[in-house]
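The chain contents come next:
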Amino acid sequence: MKNLALLGERRRALNLPNADSGDYIVDICHGLSEDTDSPSTVVLTKNGLLSRTSENGDILWTCNLEELKSGGGWFNASFSDPELVCLSTCGAMVSVAPSTGEADLIGVFDYGLEAASWSPDGEVLLMVTSSEDDDDPTKTKSVLISMNTQFEVLAEVTIPTFIPSTNQTDRQVSVAWRPDGSLCAISTIDDEDKMRKIRIYKRETLELHAVGRAEDASGSLVRNLQNQGLAWASAGCSQALASVQRKGKKTQQIVFFESNGLRHREFTLREPATTTVTSMTWNVDSDLLALGVREESGSYKVQLWHRCNYHWYLKKELCFPNRQVVCIKFDAEKSSDFTILLNCLEWREYEVRWDPSTTAILDGNFPAFVVDGCLLNITPLDKALVPPPMSVSQCTMDFPISETMFCRSGDHSGSMLVTLSNGSFSVLQKNRTAAGLMFGCKEVSWIGQQIVDVHSLRSHVVVHEEASTIQVLAVACGENNDVGEKLIAIGISGLDTAEPFAEIGNTIDLVGKVLRMSRWADAASGCIIQMQDGSLLEYDVVDAVGSVAPSESEPLLEPCPWICAVKNVSPFHAVGEDAERYSKLVFGLSTKSRLYFHDIMLTDSASSMFLSMEHEFLSYATAGSRCQIRFLNLFDLSGFDPFMGPDQLPILEGYEPRNVERGARIVAILPSQPMAVLQMPRGNLEGIYPRALLLRYAMTKIRAGEYGDAFCMMRKHKVDLNLLADLDPWGFLDNGLKQFLYQVENIDHLNLFISNLREIDVTQARFPVPAWFSRDKENVKDRTSFDFTTKVSQICLQARSVMIEMENSKEKPEGHFLLPVLSTFAKENPPRLDEALGLIKTNALNVPSESKKNPLFGEKAQHSIRYLAFLAEYELLFETALGMYDYEVARAVARNSQMDPKVYLPLLKRLNDLPKYYGKFEIDVRLKRFELALRNLFASYINQEDTACVLTESKSAGNTFENCLTLIDEHSLHQLGLELFKDDDEKRRLIFIALGENLMRQQMFQTALSVFLAAEPPHLDGAKQAARAAGDWRCFFSLANNEDIDESPDAMEIKVEQRRQLAREVAKDLVKDVGSQASQKRTAAYTGAARILLDYGDDVFGAVDMLLKGECWQNAHRVAKLHSRQDLIKKCIDAATSYAYDAMDDFEDKSATFATTTDKYAEVLKLRKKNVFFEGPDPVNELDETGSLFSVASQYSNMSLQSSASMVSNVSSVISVKTATTFTMTGDDGINRHRSKFNKGKKKKPKRKRKERRKPGSIEELNGLVQTLRLCCASSDFASTVAETIQYLIFVKQLPLATQLFTRYRAMIFSIETSRRERVQATAKERADAQQTERMDGEQDETNYVLIELPIEREMDGLRCAELPECLVNFFAYV
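**Observations regarding the overall build of the protein**
Logical step 1: Along the protein, the regular secondary structure elements total 35 helices and 56 strands.
Logical step 2: For the protein, the accessible area works out to roughly 67800 Å², and carbon and sulfur atoms hold 49% of it.

**Here's the deal with a nonpolar patch on the surface**
Logical step 1: Taken together, Leu-68, Leu-105 and Val-108 make up a surface patch of nonpolar side chains, about 200 Å² in accessible area.
Logical step 2: The exposure class assigned to Leu-105 is partly exposed, which follows from its relative accessible area of 33%.

**Points about the confidence of the model for the protein**
Logical step 1: Counting all residues, the mean pLDDT for the protein is 83, and 88% of those residues have values of 70 or more.
Logical step 2: Per-element confidence in the protein is highest for strand 23 (residues 289–294), whose mean pLDDT is 94, and lowest for strand 55 (residues 1217–1218), whose mean pLDDT is 30.
Logical step 3: Confidence drops under a pLDDT of 50 for residues 1179–1244, and excluding neighbours within four residues, the segment shows 68 contacts in the predicted structure.

**Looking at the pairing of strand 34 (residues 425–430)**
Logical step 1: Summarising burial for strand 34: 5 of the 6 residues are buried, a large majority.
Logical step 2: Connecting strand 33 (residues 415–420) to the next strand, strand 34, in antiparallel fashion are 4 residues, including Gly-423 with a positive phi near 90°.
Logical step 3: In this structure, strand 34 lies alongside strand 35 (residues 439–446), joined through 6 bridges in antiparallel fashion. Across the sheet, Ser-426 pairs through a bridge with Glu-443, a residue of strand 35.

**Side note on the packing of aromatic side chains**
Logical step 1: Here the structure, examined in full by the defined rule, presents 31 aromatic pairs.
Logical step 2: Relative to Phe-740, the ring of Phe-711 has its centre 5.9 Å away and its plane inclined at 75°; by these criteria the two rings are edge-to-face. With Phe-711 in helix 3 (residues 707–716) and Phe-740 in helix 5 (residues 729–743), this residue pair connects regions lying 29 residues apart in the sequence. Accessibility classification places Phe-711 together with Phe-740 in one group, the buried group.
Logical step 3: By way of ring pairs, the aromatic residues Phe-256, Phe-267, Trp-282, Trp-305 and Trp-312 are connected into one cluster.
Logical step 4: Cation over ring: Lys-2 sits above Trp-354, and NZ or CZ is 4.5 Å from the ring centre.
Logical step 5: Above the plane of the ring of Phe-961 lies Lys-987, whose end atom (NZ or CZ) is 5.4 Å from the centre.

**A look at the pattern of salt bridges**
When their charged atoms lie close together, side chains carrying opposite charge are able to pair.
Logical step 1: Scanning all chains against the criterion turns up 61 salt bridges.
Logical step 2: A salt bridge links Glu-888 to Arg-891; its shortest N-O distance comes to 3.3 Å. Of this pair, Glu-888 and Arg-891 are both found in helix 13 (residues 887–895), 3 residues apart, which corresponds to roughly one turn of the helix.
Logical step 3: Assessed through its relative accessible area of 31%, Arg-891 is described here as partly exposed.
Logical step 4: Among the salt bridges present, the one from Asp-984 reaches Lys-987, with a minimum N-O distance of 2.9 Å.
Logical step 5: Overall, the relative accessible area of 25% leaves Asp-984 in the partly exposed class.
Logical step 6: Connected through salt bridges with shared partners, the residues Asp-190, Asp-193, Lys-197 and Arg-199 form a single ionic network.

**What to know about helix 18 (residues 961–970)**
Logical step 1: What helix 18 keeps buried is the set Phe-961, Asn-963, Cys-964, Leu-967 and Ile-968. Projected down its long axis, helix 18 shows its buried positions confined to an angular sector of 160°, all on one face. Those residues of helix 18 that are exposed and aimed more than 90 degrees away from the buried face are Glu-962 and Glu-970.
Logical step 2: Along its buried surface, helix 18 packs onto helix 15 (916–926), helix 16 (930–942), helix 19 (974–980) and helix 20 (985–1001).
Logical step 3: At the C-terminal side of helix 18, Ser-972 shows a positive phi close to 55°.

**Focus: the nonpolar core**
Logical step 1: Grouped together as the largest cluster of nonpolar side chains are 215 residues, with contacts concentrated most on Phe-740, Phe-753 and Tyr-1305.
Logical step 2: At 14 residues, the largest contribution of residues to this core is made by helix 28 (residues 1126–1175).
Logical step 3: Not counting residues up to four positions away in its chain, the partners in contact with Phe-753 are Phe-711, Leu-721, Leu-724, Phe-732, Phe-740 and Ile-795.
Logical step 4: Core analysis: the next-biggest nonpolar cluster, separate from the first, contains 23 residues, Leu-602, Leu-611, Leu-634 and Leu-637 among them.

**Digging into the sheet that holds strand 22 (residues 276–282)**
Logical step 1: Taking strand neighbours across the sheet as the criterion, the 4 strands line up as 22-23-24-25 in an open arrangement whose pairing is antiparallel. Here the strands that pair on one side only, and so sit at the sheet edges, are strand 22 and strand 25 (311–320). With strand direction ignored, the average angle separating the axes of adjacent strands in the sheet is 25°.
Logical step 2: Pairing of strand 22 with strand 23 involves 6 bridges; the strand directions are antiparallel. When the bridges of strand 23 are listed, Val-277 appears paired with Val-293.

**Examining the sheet that holds strand 19 (residues 241–247)**
Strand pairing in a sheet is mediated by backbone hydrogen bonds. Such pairs are either parallel or antiparallel.
Logical step 1: Here we have 4 strands laid out as an open sheet, ordered 18-19-20-21, and antiparallel in their pairing. Strands at the two margins of the open sheet, each flanked by one partner only, are strand 18 (231–232) and strand 21 (263–268).
Logical step 2: Alignment of strand 18 against strand 19, held across 2 bridges, turns out to be antiparallel. The partner of Trp-232 across the bridge, within strand 19, is Leu-241.

**So, the environment of Ala-1140**
Logical step 1: Relative to the assigned elements, Ala-1140 resides in helix 28.
Logical step 2: Along the sequence, Ala-1140 and Val-1282 sit 142 residues apart, while their C-alpha atoms lie 8.0 Å from each other.
Logical step 3: When residues no more than four places from it in sequence are discounted, the contact partners of Ala-1140 are Thr-1285, Leu-1289, Leu-1297 and Leu-1301.

**A few points about the packing of helix 15 against helix 16**
Logical step 1: The contact between helix 15 and helix 16 brings their axes to 8 Å, and the two run at 160°. As far as their axial angle goes, helix 16 and helix 15 are roughly antiparallel. In this structure, the crossing between helix 15 and helix 16 has a hand that is left-handed. On helix 16, the residues touching Tyr-917, Tyr-918, Lys-920, Phe-921, Asp-924 and Val-925 of helix 15 are Phe-930, Leu-932, Ala-933, Asn-936, Leu-937, Ala-939 and Ser-940.
Logical step 2: The residue makeup of the contact of helix 15 with helix 16, split by class, is 9 nonpolar, 2 polar and 2 charged.

**Overview of the side chain of Glu-1353**
Logical step 1: Relative to the helices and strands, Glu-1353 resides in helix 34 (residues 1353–1357).
Logical step 2: For Glu-1353, a relative accessible area of 4% corresponds to the buried category.
Logical step 3: Side-chain polar atoms of Glu-1353 contact the side chain of Lys-1169, separated by 3.0 Å.
Logical step 4: Contacts of Glu-1353, omitting those with residues within four sequence positions, involve Tyr-1161, Leu-1165, Lys-1169, Arg-1327 and Ile-1348.

**Some details on the environment of Lys-1130**
Logical step 1: Inspection of the secondary structure assignment puts Lys-1130 in helix 28.
Logical step 2: A sequence separation of 10 residues divides Lys-1130 from Ala-1120, and the C-alpha atoms of the two residues are 9.3 Å apart.

**Looking at unusual backbone geometry**
Logical step 1: Looking along the chain, the bond that leaves Asp-81 and enters Pro-82 is cis, with omega of 10°.
Logical step 2: Cis peptide bonds are those with omega within 30 degrees of zero, and the linkage from Pro-388 to Pro-389 qualifies with 10°.
Logical step 3: In this structure, Pro-389 sits in the loop between strand 30 (375–380) and strand 31 (393–396).
Logical step 4: One non-glycine residue, Phe-151, lies in positive phi territory at about 60°.
Logical step 5: By the secondary structure assignment, Phe-151 is in the loop between strand 12 (140–147) and strand 13 (153–159).
Logical step 6: Note on Phe-151: relative accessible area 22%, which makes it partly exposed.
Logical step 7: Here the phi dihedral of Lys-718 falls at roughly 60°; this positive angle occurs in a residue that is not glycine.

**Points about empty space enclosed by the protein**
Logical step 1: Using the criterion set out here, one finds 6 cavities of 30 Å³ or more in the structure.
Logical step 2: Computed from the structure, the largest cavity encloses a volume of approximately 260 Å³.
Logical step 3: Lining of the largest cavity is provided by 24 residues; of these, Ser-402, Leu-420, Val-454, His-455 and Leu-457 occupy positions nearest its centre.
Logical step 4: Only strand 1 (3–13), strand 25, strand 28 (346–355), strand 32 (401–406), strand 33 and strand 36 (457–465) provide two or more residues apiece to the lining of the largest cavity.
Logical step 5: If one sorts the elements of the lining of the largest cavity by residue count, strand 25 sits on top with 5 residues.
Logical step 6: Residues of the lining of the largest cavity, tallied by class, amount to 10 nonpolar, 7 polar and 7 charged.

Calculation notes
Residues numbered from 1 in each chain as written. Predicted model: local features only at pLDDT ≥ 70, side-chain atom pairs only at ≥ 80, totals over all residues. Heavy atoms only, no water. Helix = DSSP H or I, 4+ residues; strand = E, 2+ residues; numbered from the N terminus. Areas by Shrake-Rupley, 256 points an atom, 1.4 Å probe, with all protein chains shown as cover. Patch = residues over 30% accessible without salt bridge, like charges linked within 9 Å, V, L, I, M, F, W, Y side chains within 5 Å. Salt bridge = Lys/Arg side-chain N within 4 Å of Asp/Glu carboxyl O. Buried < 20%, exposed > 50% of the residue type's maximum accessible area, 1.4 Å probe, protein only. pLDDT = per-residue confidence, 0-100. Contact = heavy atoms within 4.5 Å. Pairing = 2+ DSSP bridges. Phe/Tyr/Trp six-rings, centres within 6.5 Å; stacked < 30°, edge-to-face > 60°. Lys NZ or Arg CZ within 6 Å of the ring centre and 35° of its normal. Arc of directions from axis to C-beta. Core = buried A, V, L, I, M, F, W, Y, C linked by side-chain atoms within 4.5 Å. Axes fitted to C-alpha atoms, helices over the stretch in contact; angles between N-to-C directions. Parallel < 35°, antiparallel > 145°, perpendicular 65-115°, else oblique. Left-handed = near helix turned anticlockwise from the far one by under 90°. Nonpolar A, V, L, I, M, F, W, Y, C, P; charged D, E, K, R; others polar. Polar contact = N/O pair within 3.5 Å; in protein donor to acceptor, adjacent residues only side chain to side chain. 1 Å grid on protein atoms, 1.4 Å probe; cavity = no way out; pocket = protein on both sides within 12 Å on 5 of 7 lines; lining within 4 Å. Points joined across faces, edges and corners; volume = space filled by probe spheres on them.

Encoded structure:
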């Protein structure tokens, strides 16, 4: 689909005052000499004048080679470092110094040179000449010679004698090298049979490799080859050797030979038989074959041919009236540059480029145009993707097509202009009455004086359109050796007549050369012009008069042959910004695959680009190993900050990029569809729907209320249909849902939408709404106030309401929306299947029928049930029907299910035979609706239903209070039971007792205590048991003292002893599990136990011992003093002294441990940050405030299979144990799995478990260090205990020990604080150094990992020991 655009033309001439009038240029050599800074050109004429000219045409030096060897016939000038080598047909070989022009004769071939050519690498010179025959001196033989750059003969072989040319073109001898230099070819007319043959020789030895023969395996030679020379293509065209062959009397064709000499394919020239091909050459990429053609009238032209999909296109034709084409030479490095040598000592330099496509919007269609000589192939991409060379329609012109231009205004929306190779115009207007894309053609005639050569015009652009006039802007190259160019305004009028005409208007002289002109993508008037130096100009038309001014936009960093621009940027300007960053949006793609936005490089590997104003995207295809199509929104680009690094900007990745095949090019992006058309390297077309275009299209349609179009596109391309509602949930519920139901009439589509609803917001996860799309959102209610957890239920409710309203208003027939309504019932959360079944039953009963058959078993009802079962399982439907207590509906559901009639029919019959409420009770128990079951069982109990038939089945069945109490206790229905039996105090007390026992089993002892006491009368045994279990010893002993006491002395003594024993037991239970509790709870437990032993156990020793275990020195001393126990007072002092010495040892351990651990923590923290920086965070959360690293779920999911198996080692071997990895184990011993009685096998030795090594820098290692650091820092409870110990030691006259304890504690605080502060300061310094490095080297520097802040760092940096009370600090300040 690509076309060839002519971007540059420069006319040059050699101004030699003494040159002969018939002399002409035969060869040209471009190069840069060491002695000049500007490029220069060396030109060789037929008569031996060798001149070197500058860019502006000045002659630097001239050398007459005829002075060294006369005879003329000079034909080759090549640069062989460090000299120029010139050859003539007279046999002269001359070397010329490029800087001075001094010539030196190297040698002369006595019999002259027929042809010569340097190898592609410039190392070997191949020459065809003649020499004296060794056997007969009167005869000559033909010789093929190869020389190196030192002009030493490498090889010399005799070839079949040919007929010398003797200046006759039909006998011309031609040579050509294969581009890799391994083979060479010669085309001569053999003297023996007077037939032209092509022979291929090897480079090193000049050994004959092959002869040109037919491909039919007959071995016959190819006849009728012409004398236009040879051209050998590179790998870009299968290394084909091209030549010209006459086929019959009226046809000429270009034939190709393989390297083995076999003829392979051809293409026919579209010229009369009298036309002659004068020259032929390939460009360096071999994608263009240039032919020099001479017509019968004597006029010359150059044709550029291109092959794609095995078809040869004539892409460009250049005409040269009044000039003769001598030779065509492509640049050795640039495949797009070539030079045409003309007579009159003139030559012209051209530059061409491939445009990926030529497309336009014409009268609502979007066709692509492909130029093929006189044919214009037209393919409407919005209708069909017809791969080239085929097309939907064609337009035929009188001359080959050069350029195409398109009109945009309403009067000319279906028109286009075509420039032809003869310099004329044609107007193509779409035939609106004909089917398809058919165009009528009108030739445009020139009027007035033509002040410029129309053949020099190029880069035509439509810049202004009026009712009957179109203004076209073109570029005219300068005269010979003139660097400047002109802008030519051409007015084409009379478009509404049969004979439109063109007239040249004003001209504008430019300084420099124009590279490309491009029309504004969003404006019908004017264009943007890019010069060869990258600067930008703007052409505006005011009152039909054009003017040029420098553009306000920044110039592109390098010349870009492909540019596009947006003139009006206000639609892409963010609301609220004070000024626009760019006045225009200009994009350019350079020949080095760099895509620029003004002076910013967007990417360095783009193969093609396309600007779509309808979708507001700049799309481009990347090249390299990862080929993608990327979409840059114009809104984002208009706010692009040039001072931010490209790697830091996610905008450069584009919106939803799409992977494509390597080498794919963007042909077009359809304006009315979210489709991108690509052309693959093989030439075929592919239409894709990238998510970027698709999502924007869908969002735009949804925002505009066109839900039908959006739904069809999303359904076709599998986009989550939740986007219809999630984009604007409030608007969708208010009015959008009604529009959706009107626009989407297909019932299956409605069901599909409802069934795909989910309780999520897809715009937050899968399809985030970009800022450039939401910029124009007006009057849209805040989405954050919408509760997406109830989205499905809200939409189902609203949709059901709208559908029922449409049926009630007779807009749709009754029952039209039955299936979608059923879908809404089934989709709600929780599903309302009972209402859905009720609706099916109602619709079935409303259908008039003469049959006595149950309506629920009719076709319509059964179809509805089957559809509902598609949304919900039959088993669930059957249970729902049972829950409705409607046995007919249950039977209708079960009829189409997989249930066995032998199972469900007896079940339904039995339930139907049971008493009313008891039958409902059994259904509720079956469905595990235990609250309803209790209510129905209570109703059966109150109504005294007869359950004798049930008692015969099970003795535990029935409707007595005991059955109710059992159901209450099994399913924790005590609250409902108390409500139902509120009028029966005795039964309420039994329910209270059952509730208390249930709470005891749940270890809710305090609540159970309250329940037992709330019973009337209170249940004392249960209350005492609950109080003791809850640790409420005060309540326990209060209840114990309420019991009746015998007044006898013996009984009192026994009672006291029992009380003491009970006190010891309760005190022991109270402190049994306090070791792992916090210090305050531990102290309270020991204090309470001491109180119990004193008050109820009469045990002073035990009470003091409890207080000492709880570090309550003062309280223990008080109790011992109160009871005058000096031994216990001494015990208190000894215990406090021992604790002080132990605490001081602990202080030293904590200080040392903290110092070593904090250093290790700093190292592991760096490793952890480095892991996060290079590998990303782990899927689990980092350390939280409590130090837990894994959730409970993650702990279980990370358990090994071995540990999982060990957990169920006691389970029967037939039970499958499944972990989160779906691993199935069918036995507790892996050896015995799948083992028969004949396969005993050996028992494997149990493998020793290896201790799992922690990965350096892992979360586990960091967690262990954090826990150690926390334990080393004294808590407030620990500090409180130390403070109480110091105060007690002062109280008992142990001031030295108290001072020592105080000093050691303060030393521990100082040591820990010093270690922590040093680590924090070192971390801060590293962070500051990394920030400085980041500012210098960028974000990707390897040391930037220290800038990462983990959640645990803040806590660890603020970790400190608790201080002692201020009163103690003040006291020791004095002593």
